[in-house]
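# Summary of structural features
Given next are the chains, with one letter for each unit.
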Amino acid sequence: MKKVILMLAAALTLAACCNKQESATTDPADVVMQNILNRKSVRSYNGEAIPDSVMQNLLRAAMSAPTGMDIRPWSFVVLTDKSQYETIFEGNGNMKKFMESGAIVVVCADTTVTRPTREDPDGPAVTRPNPMWRDDVAAATENLLLAVEAYGLGACWTACYPFPDTMKPVKESLGLPAEVVPYAVVPIGYPATENTPKDKWDTSRIHRERW
């Protein structure tokens, strides 16, 4: 019996060493690439709540997106009170996803920027339209989706902007300022079913030097 225990202990030690070595030699690029390639739209969830610590990291990832002139026009409204969803998302065809999710993130964008002009960088702050807000919040939304994949969660990017009928109840219910647009509604949750990513690799879309 003692010999069996010693052999089992040795096997566990060897396995731990192998796992540690495998982890130490994992190429970070492979990890990142696998996360990107495994991202998929998940449309059914089991309703389990998302821990606050996980949600914070998801939003941290979203806010790490590139942003023109470092304007960072994004803001995020996190929703978990499902009793309000019928009002906030009135007429939205994605209600089933929303009700099944563990949380919803409404990605919002300030369409203006208030800062000194380039011509007078030391002058007074001036409020003017931000022509790059769509690019910035799209990048933030994609970062959010990649972080969701990394945590083994599922999410689906549902459009809010530029559809007036979809935007209006969200904007009014959430009390968004006049210059702030509800850009995307992202339900997040633990997948209720298995989901497989699509292989979108297409060499015909690649052009070198010119079209």
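In case you missed it, the structure is sitting above this.
Note that the structure is a prediction, hence the values are computed from the model and not measured. (Residues numbered from 1 in each chain as written. Predicted model: local features only at pLDDT ≥ 70, side-chain atom pairs only at ≥ 80, totals over all residues. Heavy atoms only, no water.)

### Brief notes about the overall build of the protein
A count of helical and extended segments in the protein gives seven helices and seven strands. Expressed as a percentage of its 211 residues, the buried residues of the protein come to 36%. A separation of at least 24 residues holds for 73% of the contacts in the protein among residues at least 6 apart in sequence. Total accessible area on the protein is roughly 13500 Å²; 55% of this is exposed by carbon and sulfur atoms. (Helix = DSSP H or I, 4+ residues; strand = E, 2+ residues; numbered from the N terminus. Buried < 20%, exposed > 50% of the residue type's maximum accessible area, 1.4 Å probe, protein only. Contact = heavy atoms within 4.5 Å. Areas by Shrake-Rupley, 256 points an atom, 1.4 Å probe, with all protein chains shown as cover.)

### Brief notes about a nonpolar patch on the surface
Together, Val32, Met33, Ile36 and Leu37 make up an exposed nonpolar region whose accessible area comes to about 350 Å². With respect to the secondary-structure elements, Met33 resides in helix α2 (residues 28-38). We classify Met33 as partly exposed; its relative accessible area is 43%. (Patch = residues over 30% accessible without salt bridge, like charges linked within 9 Å, V, L, I, M, F, W, Y side chains within 5 Å. Salt bridge = Lys/Arg side-chain N within 4 Å of Asp/Glu carboxyl O.)

### Concerning helix α7 (residues 164-174)
Looking at α7, one finds that the buried residues are Thr166, Met167, Pro169 and Val170. Check the buried side of α7 and you find it contacts α4 (85-88), β2 (103-110), β6 (158-159) and β7 (180-189). Immediately downstream of α7, the backbone of Gly175 shows phi near 70 degrees, a positive value.

### Here's the deal with the pattern of salt bridges
Applying the stated criterion across every chain yields a total of four salt bridges. The residue Arg72 makes a salt bridge to Asp70 at a minimum N-O spacing of 2.8 Å. Under the relative-accessibility criterion, Asp70 is labelled partly exposed at 41%. In this structure, Arg205 and Asp202 form a salt bridge, with 3.6 Å as the shortest nitrogen-oxygen distance. Among the residues examined, Arg205 registers a relative accessible area of 66% and is labelled exposed.

### Thoughts on the packing of helix α3 (residues 52-62) against helix α6 (residues 133-150)
Relative orientation of the contacting elements α3 and α6 amounts to 140 degrees, with a least axis distance of 7 Å. On the basis of their axis angle, the class for α3 and α6 is oblique. Taken as a pair, α3 and α6 cross one another with a handedness that is right-handed. In this structure, α3 uses Leu58, Ala61 and Ala62 to contact α6, whose residues at the interface are Ala140, Asn143, Leu144, Ala147 and Val148. (Axes fitted to C-alpha atoms, helices over the stretch in contact; angles between N-to-C directions. Parallel < 35°, antiparallel > 145°, perpendicular 65-115°, else oblique. Left-handed = near helix turned anticlockwise from the far one by under 90°.)

### Points about the layout of surface pockets
In this structure, the largest pocket encloses a volume near 260 Å³. For the lining of the largest pocket, the secondary-structure elements that each account for two or more residues are α2 and α6. Residue composition of the lining of the largest pocket, by class: five nonpolar, no polar and five charged. Looking at the second largest pocket, its volume works out to about 150 Å³. What lines the second largest pocket is simply Arg39, Lys40, Ser41, Arg43, Asn195, Thr196, Pro197, Lys198 and Lys200. (1 Å grid on protein atoms, 1.4 Å probe; cavity = no way out; pocket = protein on both sides within 12 Å on 5 of 7 lines; lining within 4 Å. Points joined across faces, edges and corners; volume = space filled by probe spheres on them. Nonpolar A, V, L, I, M, F, W, Y, C, P; charged D, E, K, R; others polar.)

### Topic: the packing of aromatic side chains
A full pass over the atoms with the stated rule returns six aromatic pairs. Three or more aromatic residues joined by ring pairs make a cluster, and in this case those are Trp133, Trp157, Tyr161 and Tyr183. (Phe/Tyr/Trp six-rings, centres within 6.5 Å; stacked < 30°, edge-to-face > 60°.)

### A short note on the side chain of Thr67
Tracing the backbone shows Thr67 in the loop between α3 and β1 (74-79). A distance of 2.9 Å separates a polar atom in the side chain of Thr67 from a polar atom in the side chain of Asp136. Those residues in contact with Thr67 that lie beyond four places of it in its chain are Arg72, Pro73, Trp74 and Asp136. (Polar contact = N/O pair within 3.5 Å; in protein donor to acceptor, adjacent residues only side chain to side chain.)

### Comments concerning the packing of α2 against α6
Contact geometry of α2 with α6 gives a least axis separation of 9 Å together with a crossing angle of 105 degrees. Judged by the angle between their axes, α2 and α6 are roughly perpendicular. In this structure, α2 contributes Asn35, Ile36 and Asn38 to the contact, and α6 contributes Leu146, Glu149 and Ala150. Tallied by class, residues from the contact of α2 with α6 come to three nonpolar, two polar and one charged.

On their own, these measurements won't tell you what the molecule is for.
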